[in-house]
Amino acid sequence: MLTVFLLAACATSSPPSKLPPSATDLMLLKSAKLCDAKKTVLERQAGVRLRREIWGTGEEIRIPSDRSPTGSEEALFFDQEDQLVGLLFVFPAPVDLTPYPVLRETLGKLKPTLEFYLNIGQVSVKDSLDPSALYDTGDATTTVRYLVLTGSPPMLLASSFTVDPYAKLMSPYRAEFLARIERSHAKVAPSAKTSGKGSTDREPFAALQQFARGEAAHFGSCGAKDHVRAADAYGKAITVGFSDKLWLAEAHHKLGLAQLASGKPEPARAAIEKALAIRPNTAEFLNSLGTVYAKLSDRTRAVAMFERAVTLRPNYVVARFNLAEAYEQVNPRRAIAEYETYLALVEGIAEEKGRAALAQQRVELLKR
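Let us look at the structure shown here. (Residues numbered from 1 in each chain as written. Predicted model: local features only at pLDDT ≥ 70, side-chain atom pairs only at ≥ 80, totals over all residues. Heavy atoms only, no water.)

### Examining the overall build of the protein
Okay, so step 1: The helix and strand inventory of the protein stands at twelve helices and nine strands.
Okay, so step 2: Across the 368 residues in the protein, those meeting the buried criterion constitute 48%.
Okay, so step 3: For the protein, the proportion of contacts with a sequence separation of at least 24, taken over those separated by at least 6, is 56%.
Okay, so step 4: Working note: accessible area of the protein is about 18,000 Å², and carbon and sulfur atoms make up 54% of it. (Helix = DSSP H or I, 4+ residues; strand = E, 2+ residues; numbered from the N terminus. Buried < 20%, exposed > 50% of the residue type's maximum accessible area, 1.4 Å probe, protein only. Contact = heavy atoms within 4.5 Å. Areas by Shrake-Rupley, 256 points an atom, 1.4 Å probe, with all protein chains shown as cover.)

### Observations regarding the nonpolar core
Okay, so step 1: Core analysis: the biggest nonpolar cluster contains 61 residues, and Leu 76, Leu 87, Leu 107, Tyr 146, Leu 156, Phe 161 and Tyr 166 have the highest contact counts within it.
Okay, so step 2: Here this core gets eight residues from one element, more than from any other, and that element is strand S5 (residues 84-96).
Okay, so step 3: Apart from residues lying up to four places away in sequence, Leu 87 is in contact with Leu 29, Ala 32, Leu 34, Ala 75, Leu 76, Phe 77, Ser 159, Ser 160 and Phe 161.
Okay, so step 4: Core analysis: the next-biggest nonpolar cluster, separate from the first, contains 24 residues, Ala 249, Ala 283, Leu 289 and Ala 326 among them. (Core = buried A, V, L, I, M, F, W, Y, C linked by side-chain atoms within 4.5 Å.)

### Details of the pattern of salt bridges
Okay, so step 1: Summed over the entire model, instances satisfying the criterion amount to 28 salt bridges.
Okay, so step 2: A salt bridge links Arg 51 to Glu 53, with the nearest nitrogen and oxygen atoms 2.6 Å apart.
Okay, so step 3: A salt bridge links Lys 254 to Glu 215; the nearest nitrogen and oxygen atoms lie 2.9 Å apart. Separated by 39 residues along the polypeptide, Lys 254 in helix H6 (residues 245-261) and Glu 215 in helix H4 (residues 205-219) bring together distant segments of the chain. The pair Lys 254 / Glu 215 is uniform in exposure class, with both members buried. (Salt bridge = Lys/Arg side-chain N within 4 Å of Asp/Glu carboxyl O.)

### Digging into the pairing of strand S9 (residues 155-163)
Okay, so step 1: Here S9 lies mainly inside the structure; nine of its nine residues are buried.
Okay, so step 2: The sheet contact formed by S5 and S9 spans seven bridges and is antiparallel. Of the residues in S9, the one forming a bridge with Val 95 is Leu 156.
Okay, so step 3: As paired strands, strand S8 (residues 142-149) and S9 are joined by eight bridges and run antiparallel to one another. (Pairing = 2+ DSSP bridges.)

Structure (structure tokens):
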């Protein structure tokens, strides 16, 4: 068993990296893959002794290391729609990464997102703690994490694969995650410092889980977007509640966006106004409220919201485009000026190529 004495954690300033891709020659996704249906996973595991537990509003299925093709203790996490949204692999003994050059190369190109110290009973031969690092990588829709002892050779302790919105639930800042990594009751080493302020995420698990469910549905993380499901999930997250006003405001905002996408502009307006009541003068919220007013054919209020958004953040390109669009019918000259400002701001930005082409077409039409 892995005994972990925790924890003096030091977050690095670098944001989680998505490059290089999480290519690995340590094949972990053998039992299941993200977004698999629970029924499919259970069919593959027919005859295997599984442990099934409640995971918030979803379910967790555990595969013991002696039955796992990876040699790790696997935990598979399903949302309440029975889709696989997360996998966690914890190795009974640290894995020497020397035989795995692809994974070592990937880790060598990444900067740790978190560095801290552990005392691994099977590895340590000294009283000092072992330097460890958490590496984040993945692709457009998933987050992959590797928890590694950073000595020579590097040794893998655990790995997780999650649909992006659920990554926060597989974080060292969550006590539930650390409890799994520790594999037994953790004791703070006498020489270890206690975690610094803010190192523990105390937001209610149920609220975060529902928010993640909403994000996955809103962005179509496992296929088609489902804005009705997203609105249901964001609403439940709000009902559970957040201690941080930033989270609560964003939940109201996202609820409004999901309702708007579901063809319900009036409830969307009310939800986004609640977000603004919690966090006034937030450019993203103002832009979203402007979009709602435009949908309601209230151009005067739409323009007012977009103008406030670009006043707060002059380089907010989406709001700048929306402002130009709102001005087209009432003030063509101002619309041209706003489109041209938008085009100057997005020059060379590949993600805005389609919208930039549309803006250029509209400028040409308005100038005729």
